[in-house]
Number of protein chains: 4
Amino acid sequence: MSAPAARSRAHHGRVNAPDHGLFGELFGRGPAGPSDQDWLQALLDTEAALARAAERAGLAPAGAGAAVTAVARADRFDAAELGRRAVLIGNPVSALVRALNDLVPADAREAVHRGATSQDIIDTAAMLLARRGIDAIDADLRAAAEHTAELARAHARTVMAGRTLLQQAVPVTFGLVAVGWLTAIDDARRELDRVRATRLAVQFGGAAGTLASLGTRGPEVAALLAEELGLPEPVLPWHTDRLRIVQLAAALAGACAALGMIARNVTLLAQTEVAEVAEGGDAPGQGGSSAMPHKRNPVVAVLILGCTRRAPGLLATLTAAAEQEHQRAAGAWHAEWETLSELLRVTGSAASWSVPLLAGLRVDAARMRANLDAAGGLLLAEHVTAVLAPALGRLAAHDLVAAAAARAAARGVSLSEALLADAATAARLRGAGVGEADLAAAVDPAGYLGATAEFVRRALAEHDRIADGT
Amino acid sequence: MSAPAARSRAHHGRVNAPDHGLFGELFGRGPAGPSDQDWLQALLDTEAALARAAERAGLAPAGAGAAVTAVARADRFDAAELGRRAVLIGNPVSALVRALNDLVPADAREAVHRGATSQDIIDTAAMLLARRGIDAIDADLRAAAEHTAELARAHARTVMAGRTLLQQAVPVTFGLVAVGWLTAIDDARRELDRVRATRLAVQFGGAAGTLASLGTRGPEVAALLAEELGLPEPVLPWHTDRLRIVQLAAALAGACAALGMIARNVTLLAQTEVAEVAEGGDAPGQGGSSAMPHKRNPVVAVLILGCTRRAPGLLATLTAAAEQEHQRAAGAWHAEWETLSELLRVTGSAASWSVPLLAGLRVDAARMRANLDAAGGLLLAEHVTAVLAPALGRLAAHDLVAAAAARAAARGVSLSEALLADAATAARLRGAGVGEADLAAAVDPAGYLGATAEFVRRALAEHDRIADGT
Amino acid sequence: MSAPAARSRAHHGRVNAPDHGLFGELFGRGPAGPSDQDWLQALLDTEAALARAAERAGLAPAGAGAAVTAVARADRFDAAELGRRAVLIGNPVSALVRALNDLVPADAREAVHRGATSQDIIDTAAMLLARRGIDAIDADLRAAAEHTAELARAHARTVMAGRTLLQQAVPVTFGLVAVGWLTAIDDARRELDRVRATRLAVQFGGAAGTLASLGTRGPEVAALLAEELGLPEPVLPWHTDRLRIVQLAAALAGACAALGMIARNVTLLAQTEVAEVAEGGDAPGQGGSSAMPHKRNPVVAVLILGCTRRAPGLLATLTAAAEQEHQRAAGAWHAEWETLSELLRVTGSAASWSVPLLAGLRVDAARMRANLDAAGGLLLAEHVTAVLAPALGRLAAHDLVAAAAARAAARGVSLSEALLADAATAARLRGAGVGEADLAAAVDPAGYLGATAEFVRRALAEHDRIADGT
Amino acid sequence: MSAPAARSRAHHGRVNAPDHGLFGELFGRGPAGPSDQDWLQALLDTEAALARAAERAGLAPAGAGAAVTAVARADRFDAAELGRRAVLIGNPVSALVRALNDLVPADAREAVHRGATSQDIIDTAAMLLARRGIDAIDADLRAAAEHTAELARAHARTVMAGRTLLQQAVPVTFGLVAVGWLTAIDDARRELDRVRATRLAVQFGGAAGTLASLGTRGPEVAALLAEELGLPEPVLPWHTDRLRIVQLAAALAGACAALGMIARNVTLLAQTEVAEVAEGGDAPGQGGSSAMPHKRNPVVAVLILGCTRRAPGLLATLTAAAEQEHQRAAGAWHAEWETLSELLRVTGSAASWSVPLLAGLRVDAARMRANLDAAGGLLLAEHVTAVLAPALGRLAAHDLVAAAAARAAARGVSLSEALLADAATAARLRGAGVGEADLAAAVDPAGYLGATAEFVRRALAEHDRIADGT
């Protein structure tokens, strides 16, 4: 089994978890969206790392860090009870610290929550969840990109109608369409990777960003905490400088934008009247309808859109929330937590669904050709004009072709037929030395693809370059 | 115990429910936000009502409706399992219908899902959840409004600084502030009531809005279904006409707007340096800080803002999702379900928190007066000018007062003192017959309240009128 | 010329105005979006009405109101100069009042800006512009609705494929599609009318909502001001209660939602491969392409979408801006002005474009039938099953039809052919007394339309009821 | 005159341009927001560069590029007329090309619009405008950052109250606050610079992204076009891959987020009751009020917020618009143009206003100290406990201080006084060797600043590092 397929299977296995509920398989597929238990564990991981950092800085006795780490397991805490106590200060950290203190030996308590304020713990935990989410999303996008690259290679020469404003325009190939998708996915990955590497960071500032209760030792503890968690240490505590959150959210919304564009195009290409692609489905029977046996619903693409269309509003909420007051915001900060979780969740779900979508996509090359031919060569009018121009002059060629195109459209014949059926036109073509073979070549879509092959080659090479680099 | 207090207590009791998790007490307080079980029950309520309607229309044997209704209880279904099967068609209804069929006697199966498509069930269930959510929100807003009206009555004459652009401007009373809040809450309620009464509606159209599988009986069944559920019957199935959802979302976001404005003002009035109001807290110890004993955090207002700031983004998502295709949308519809749930949830939570906020608000009338007096009468400069104008002429009065105000600000004395301390000015005042008592009256904030009392009276009368009507 | 056509022409005439610029014909068509001059005039209209109200209240000499009104014409003021001076207080009203005072006779100056603060003038002017905008939008929507009703009447029986998730599902008629559009437009109009009648209101509160400088005369002047402007008088000044703005914005965004849905469907139905509708165009040559003579771009629908897709973000901005501080907001209020203007503008433009879109829409009934027939009766599988069920039993009928449908899809034959070509199946049908004529009837789309005719009738009746009422 | 001041003056000069209108000085200050003329020139610059590229590729006679460039000046075209003709195809490019052809010599016409489609021209022009806008924004942000760095240096030791949830918490310095602002501005700049360097790119794909009309010469022309414009050449035409737009928009919205946070804090610190900062104003009289001489409105900060609060909604629109169809989107693309212009405009205006805001900010160190002292040492309770702990034990110290803090708050005395006034407590302190001098040191805010100095140093060093690098 290929790695992407194995991963996809792994996700599918995970969905047996009981807490995904009625809609979670649709919009919360994959592990990117943090559950309550994930949040709790991330808060505990932060507290444990801080305890180890405090010990390393000599602020707590030897063994204190290990003692805290040993009990910092979500299954030893009652999330619902912490949630109830959260109303006292407006977040669950104070109750968590109290419960954690109850579990650790007395001499390790000096290490617990040392120097920290609740925002330090929540913001750092959010960064850990973001890192985990990005990793999951990136793995899925990488698999989706590989499948897309395969589609592009397989269909580099599969001619189809290019469509602008939903109207057939001039020929393209499905390979060109696929590298457009590929480039978008790779760009989205590059952005996520950049945010992961440079914009996630530990938050540790104490009550108001001065780490006053640690005296002059604050920066040392902050550096050790960052090291323990494998997160960058920022120049400053960033409690009310939320650009990191905005940029993280924008990168996630960018991934949704790429996937939404792809899914949108799949739904359009899969329309009954177009039928150029069909979903393979992720599970037996997916997309079928017992009442309507002719239907082959693009369920996976639809679910991706059901996820991606929620990203812009969530991004707007997080961006608006960046206007934060003084040393801790009154409400704007609180509005971030679940919103960021939702954005990670829907982005992760869209990414997870994109793997079976692109792995299983069935491409009907014959139908692509048939749809193109249905226009009777009219998509090549521009090309025919160019072919005739040297012999007839540009203006005359244009007028001749335009008139023939009008006749072709009116009578339902092909452009070539319309040109040749008109005696005067046929005579002019003969006089100019343009034969039927020339005309046939001019209306061959494969002969009017311009830079298509070069663009496909370039995009695949760029993709390979990126894939090698990661 | 008053009704609002009892209700508030009831909510508080409910929060012991284990599924609220780490953040649910903060942003999902109260019953307005539907849980998975609520969704499941609403789907089942719709199916049960449809079965009864089918029986009443003679399309199913006597007793079929009751048989379906008897088993249509969420606790008999496995939401997670339905969720897993939902991936086949992109929603859980098909799996639900299958599971429901398994539970009903064979001869009642004719009544199950009769004539319906999955969208009919989901959209109608959403309307039931919206109605339930609005009822919960409305009850909380009604209680909050009553507490606000009490504040307004108690403080109709409590003078404080009116502030524009966060600067003290001219005097108002806290009663006037409170009726501003009251009017906003009442307007939000009026809008929710209107949506509940006129915009919620049953959705029933079958596969593509024709109810074809019911022959000519469709409208009859639709009318019976509406009757069974107590929901209005629309002129047409509204599967891809989503104005109802947009208007519902706007009414919810409007309630958030009203509550956010109030909470924002509470956080501002509660600032250490202003200290004109303080939260009573919803539970012992709420808002306190053991590390910082002087702090009295406005936790409830902060949590309200943590909810309300999420509404605009959710509203944008639902409004954008209204661009739906043909007879069922590919993704836009799916993006609505969880978004609407979230919007109901955060609005419900904000409304629920508003009850203890407004019931417990502590108003410090002495501090209000002290903050006003700290400006040394400068807020009354406009009034002093008006008092002097008849005697001195408007322009001369203006110049005299402006100069005195500048001196007052520079020397840290009151406006009266600045006027009288300048010998030339004092002489002019004497010459114009303006005595110290006149000046004292002119700088008395209570003497420059204009229509304040009338506005408070009017707003309370309007509130009473509405309250009587409901 | 019909009234809607005349109106449409009138708009077209107006677009010769030089200030629409490079994009204004596309996204700012029609008069709903206020220009700078419109804003200036609305501010002046408010000041003039206030002067007349002050005179009527006896606060200014006889003739003062008329004197102010006489000079309150935008062409007498320099918007750019007012704009430059606006930076002093953050809005242009103070500079406007100064300039207005310069123009009126000395004894009328008592009437100028009497009792008002700059927010009173701007908010009330915004209400005047909203009323004007709604009137323009409503007139266009009314015309669009009439054209849509005509389409519905003309095509009540024009059979076409109903499509769900962009796949052909079961038959509908284009008349049913059209009444879906009609109902959406009518609902959007009803909402706009409601907002116009009940939510627009004069704003008049003075420096901090007390009208203190008018002593006890404030409410009287407010009532007269409302009367002068023909706007409702609110219970209270609403300076920082912005629900009116939220509701206005939601009604505008609702209109965009309705029009966006329609335009989206036109672009889909106009696709080369579907070709069931085409735009008539608003001007000769619109939608054509000289380079690609076969293309018939749905330019008008595209422009509508270019407008409507901007509404959700603008609505989110206005909703978020409703969290306003104390007696005048520091920034949130300022964010409203241009945002509301933009929302009026794009909604007005979408409404204006909807008139030629719906007036000129060309419906190709033959192509609709051909697209339906291309599925070879498979859309009627549900119906065939229902027809066979009485004779064969429900389950047997289902299995028989499902198998035949699979054969039909695989071999590219019609469902009837697939049923009859199989000897065993044909025998069972004969045995059950189901003849070829029965089958033919069962696969006739016109025979499986359920409540379509009734729904069309109902929706048109409801539309007529509304149209009569206005 | 310093460079930033000169730049600020330059902007101010520019605002005399007549087309800024009623609100443009407020929300469209500075050159970042493109006017119609700017758009027209950018379109022409793109066409001219393409003509030169075509000539260099040998596709047009020598001199053609120069001939086109010579006439490609906005003042030779009529934007309003182009706008009127734009309705034919839904954008103004076709009309522009026609008008351009009319102006160039016949033999240069081969170079005009060679190989291009209208989207190529509009998208590339948008990139040029984005580059210009970013340059303007960056210059303003650089100046604002310098002023902020000066504030940080000047006030590194100016002690003030740190505030969380709008309540005083523990001491900070204004220098620490200022480096928080500085870091946010520098991060926003870094993001804009990255987008400018790596995400802006020429768009050139022809009718459907194949450059078919150029045969195999397309990529060569594309490379030359990129070179002519100084824009990166992308791997592929990006007509319906809109991640570049999303990332550009996110970087702009990020700049707004940083500026909005700063402006918000200025409005809070400038409140009458806090009065720790005041705006210097950008022009004589700005922020003053003749009616209310005591008011000093933070007009500049308010205007910044009036701009920045519009960014999240505009960003949401652009992100939602990234779901584009096939080879050219039907509406989503069109929704981008004015939205991107608006986002550039409000970001540019916020950045432009930030220069006088930060250059002129008046910091009242004495008031900062007074506000801190008003809490009577209670902000130092945490510190006092830490000081007493070694002598008394941690728990005893905590209880002693908590009790004293409660007495202090109740009686309105300082924490030290409360500790010493209680005989038993005083005795314990004496017994533990804690003298009055120790207590005085413990309640000195300057003694409880933790890492503040180090953080300020670090952030300024990082700023200098960046500033040197640019």
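Details of the structure are given in the entry above.
Residues numbered from 1 in each chain as written. Chains lettered and ligands numbered in written order. Predicted model: local features only at pLDDT ≥ 70, side-chain atom pairs only at ≥ 80, totals over all residues. Heavy atoms only, no water.

Some details on the overall build of chain A
- Helix and strand counts for chain A stand at 20 helices and four strands.
- Taken over the C-alpha trace, chain A has a radius of gyration of 30 Å; the compact-globule value for 470 residues is 23 Å, which it surpasses by more than 25%.
- Sorting the 470 residues of chain A into buried and exposed places 67% on the buried side.
- Taking all contacts inside chain A whose residues are at least 6 apart in sequence as the whole, residues at least 24 apart take part in 76%.
- Within the structure as shown, chain A displays about 14,100 Å² of accessible surface, and the carbon and sulfur contribution to it stands at 53%.
- Side chains of chain A give 45 positive and 51 negative charges; the mean places of these two sets differ by 2 Å. (Helix = DSSP H or I, 4+ residues; strand = E, 2+ residues; numbered from the N terminus. Rg over C-alpha atoms; globule rule 2.2 N^0.38 Å. Buried < 20%, exposed > 50% of the residue type's maximum accessible area, 1.4 Å probe, protein only. Contact = heavy atoms within 4.5 Å. Areas by Shrake-Rupley, 256 points an atom, 1.4 Å probe, with all protein chains shown as cover. Lys, Arg positive; Asp, Glu negative; His and termini not counted. Charge placed at Lys NZ, Arg CZ, Asp CG, Glu CD.)

A short note on the pattern of salt bridges
- Under the definition given, this model contains 126 salt bridges over all chains.
- Note that R369 of chain C and D373 of chain C form a salt bridge whose closest N and O atoms lie 3.2 Å from each other. Placement of the pair is R369 of chain C and D373 of chain C together in helix α14 (residues 365-373), with a separation of four residues, close to one helical turn.
- Exposure remark for R369 of chain C: the relative accessible area of 33% places this residue in the partly exposed category.
- Overlapping salt bridges, with partners in common, bring together D187, R190, E462 and R465 of chain A together with R199 of chain D in one network. (Salt bridge = Lys/Arg side-chain N within 4 Å of Asp/Glu carboxyl O.)

Some remarks on the side chain of E323 of chain A
- With respect to the secondary-structure elements, E323 of chain A resides in the loop between α12 (311-320) and α13 (334-360).
- In this structure E323 of chain A comes out as buried when scored by relative accessible area, which is 8%.
- At 2.8 Å, the side chain of E323 of chain A forms a polar contact with the side chain of R309 of chain D.
- Apart from residues no more than four positions distant in its own chain, E323 of chain A is found in contact with A332 of chain A, R309 of chain B together with G260, M261, R264, L305 and R309 of chain D. (Polar contact = N/O pair within 3.5 Å; in protein donor to acceptor, adjacent residues only side chain to side chain.)

With respect to the interface of chain B and chain D
- With 34 residues of chain B in contact, the opposing surface of chain D contributes 34 residues.
- For the pair chain B and chain D, the two sides together bury roughly 2,900 Å², of which 56% comes from carbon and sulfur.
- One can count two salt bridges joining chain B with chain D.
- When the shortest N-O distance is used, the salt bridge between E273 of chain B and R163 of chain D registers 2.8 Å.
- At the surface where chain B touches chain D, the tally comes to nine residue pairs in polar contact (both at pLDDT 80 or more).
- Ranked by the residues each element gives to the side of chain B that touches chain D, the list is headed by strand β2 (residues 167-173) of chain B, at four residues.
- Along the lines of polarity and charge, the residues of the side of chain B that touches chain D split into 16 nonpolar, 11 polar and seven charged. (Buried area = accessible area lost by both parts, 1.4 Å probe. Nonpolar A, V, L, I, M, F, W, Y, C, P; charged D, E, K, R; others polar.)

Brief notes about the relation of the copies chain A and chain D
- Superposition of chain A onto chain D requires a rotation of 180 degrees combined with a translation of 0.0 Å along the rotation axis, giving an RMSD of 0.1 Å. In short, the pair behaves as if placed about a two-fold rotation axis.
- Interface residue correspondence from chain A to chain D reaches 100%, placing this contact among same-surface, isologous pairings. (Least-squares fit on C-alpha atoms with pLDDT ≥ 70 in both.)

Some thoughts on the packing of aromatic side chains
- Scanning the model with the defined rule gives 20 aromatic pairs over all chains in all.
- Between the aromatic rings of F23 of chain A and W337 of chain B, the centroid separation amounts to 5.5 Å while the plane-to-plane angle is 40 degrees, which identifies the pairing as tilted. Placement of F23 of chain A in helix α2 (residues 21-27) and of W337 of chain B in helix α13 (residues 332-360) is noted, with the two residues assigned to different chains. Across this residue pair, the class does not change: F23 of chain A and W337 of chain B are buried.
- A centroid spacing of 5.8 Å and a plane angle of 90 degrees characterise the contact between F174 of chain B and W181 of chain B, whose relative ring orientation is edge-to-face.
- Here W181 of chain B falls in the buried class, since its relative accessible area comes to 2%. (Phe/Tyr/Trp six-rings, centres within 6.5 Å; stacked < 30°, edge-to-face > 60°.)

Note that every value here comes from positions in space, so none of it alone points to a role or purpose.
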